[in-house]
Amino acid sequence: MFNPTREEVRRFFCDTWKKRSENQVLTPMEMLASDWMGEHPEYHPQLADPENAVAQDYTPERGETNPFLHLSMHLSISEQISIDQPPGIKAIAEKLTQKLGSKHEAQHLMMDCLGQVMWEAQREGKALNPDNYLEALKRLN
């Protein structure tokens, strides 16, 4: 399994943002990431400053959202939907998108569910439970 470091993740997003800004050719993953970055103009200053991005700590105590975690969760959920893993997530996402009229807003609600089950798994020292994740997602519809 691919397990990038914090710096690698941040550099991926910053490098992708630079390539997008310079109209360079993007890989499929970069195109997807670039689309989500476009949806978040509030993150553009961080994406344009790779050295600061790598060094910056984002903590809830400071009231900051980690843009790289947020964008990574968009990518993760997009990938889950594209391969329908866990099974049923694609239908849930489509129904929620239709209900809200926005793929972006649907993913933000789904992100809350993913974050919760990730936190629970970390707290318990266990792997993420896909059944708990799906149950949380089903409650959104």
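Structural notes, computed from the coordinates.

The next subject is the packing of aromatic side chains. Under the criterion given, the structure shown has three aromatic pairs. When the ring of Phe12 is compared with that of Phe13, the centres are 5.2 Å apart and the planes differ by 70 degrees; the resulting orientation is edge-to-face. Residue Phe12 is classed as partly exposed on the basis of its relative accessible area, which comes to 27%. Summarising the aromatic geometry, the rings of Phe13 and Phe68 are spaced 6.4 Å apart at their centres and angled 45 degrees between planes, so their arrangement reads as tilted. Of this pair, Phe13 sits in helix H1 (residues 6-21) while Phe68 is found in helix H5 (residues 67-83), placing the two residues 55 residues apart along the sequence. Here Phe13 and Phe68 have matching classes, each one buried.

Ile77, Met110, Tyr133 and Leu137 are the most contacted members of the largest nonpolar core, which has 18 residues in total. Elements with a contribution of two residues or more to this core: H5, helix H6 (89-100), helix H7 (103-124) and helix H8 (130-138). If you tally residues by element for this core, the top one is H7, at six residues. If you look at the next biggest cluster of nonpolar residues, it comprises 13 residues, including Phe13, Cys14, Met37 and Leu47.

Take the layout of surface pockets next. Estimates place the volume of the second largest pocket at around 410 Å³. If you go around the second largest pocket, you meet 15 residues; those closest to its centre are Asn66, Leu69, His70, Met73 and Gly115. Ranked by residues supplied to the lining of the second largest pocket, first place goes to H7 with six residues. Grouping the amino acids of the lining of the second largest pocket by side-chain chemistry returns seven nonpolar, six polar and two charged.

Parameters and conventions
Residues numbered from 1 in each chain as written. Predicted model: local features only at pLDDT ≥ 70, side-chain atom pairs only at ≥ 80, totals over all residues. Heavy atoms only, no water. Phe/Tyr/Trp six-rings, centres within 6.5 Å; stacked < 30°, edge-to-face > 60°. Buried < 20%, exposed > 50% of the residue type's maximum accessible area, 1.4 Å probe, protein only. Helix = DSSP H or I, 4+ residues; strand = E, 2+ residues; numbered from the N terminus. Core = buried A, V, L, I, M, F, W, Y, C linked by side-chain atoms within 4.5 Å. 1 Å grid on protein atoms, 1.4 Å probe; cavity = no way out; pocket = protein on both sides within 12 Å on 5 of 7 lines; lining within 4 Å. Points joined across faces, edges and corners; volume = space filled by probe spheres on them. Nonpolar A, V, L, I, M, F, W, Y, C, P; charged D, E, K, R; others polar.

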